[in-house]
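What follows is the residue order along each chain.
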Amino acid sequence: MKKFGLLLAGGIAAAVLLSTIVPMIGLAVSLVLLYLIFKQFLKAKSTCAKIGLGIVGFIVLVASIHNVPAVIGLVAAYVLYLVYKNWNRNKVSKVKEDLDPFTNFEKQWNELNKF
């Protein structure tokens, strides 16, 4: 049952990730452009260049805000990673030690006889 739940969650996460690939690429490109425009804005000496870069930066900022649903794709990628990580995890079962003194004696006697 656990494998079915992981398969279902992985399938949904994969579908969401595939549907948000283009917005994720758009967000990455717009953030890189915004960074480059900001660096040029800091280097610009004339007021006209700063105004022009400010306007272009604002347009790119609006474009990057438009691609914010790509964050859902990042969450889906993280969920897909968790599903992949938990797929082959084995259950850890604790071995319950018996408190019966005769069982412990027999176990210790067998260990001593091995030598």
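The following paragraphs examine the structure supplied in this document. Computed from a predicted model, the values in this text were never measured in an experiment.

1. Re helix α4 (residues 70-87)
Here's step 1: Taking 1.5 Å per residue as the helical rise, α4 with its 18 residues ought to reach 26 Å, and the 26 Å between its terminal C-alpha atoms agrees with that figure.
Here's step 2: Taken together, the buried positions of α4 are A70, G73, A76 and V83. Each buried residue of α4 lies within a common arc of 110° when the element is viewed along its axis, so the set occupies one face.
Here's step 3: At its buried positions, α4 is contacted by α1 (2-19) and α2 (21-43).

2. As for the side chain of S64
Here's step 1: By the secondary structure assignment, S64 is in helix α3 (residues 47-66).
Here's step 2: Among residues more than four places away in sequence, those in contact with S64 are L27, S30 and L31.

Cut-off values and rules
- Residues numbered from 1 in each chain as written.
- Predicted model: local features only at pLDDT ≥ 70, side-chain atom pairs only at ≥ 80, totals over all residues.
- Heavy atoms only, no water.
- Helix = DSSP H or I, 4+ residues; strand = E, 2+ residues; numbered from the N terminus.
- Expected span 1.5 Å × (residues − 1).
- Buried < 20%, exposed > 50% of the residue type's maximum accessible area, 1.4 Å probe, protein only.
- Arc of directions from axis to C-beta.
- Contact = heavy atoms within 4.5 Å.

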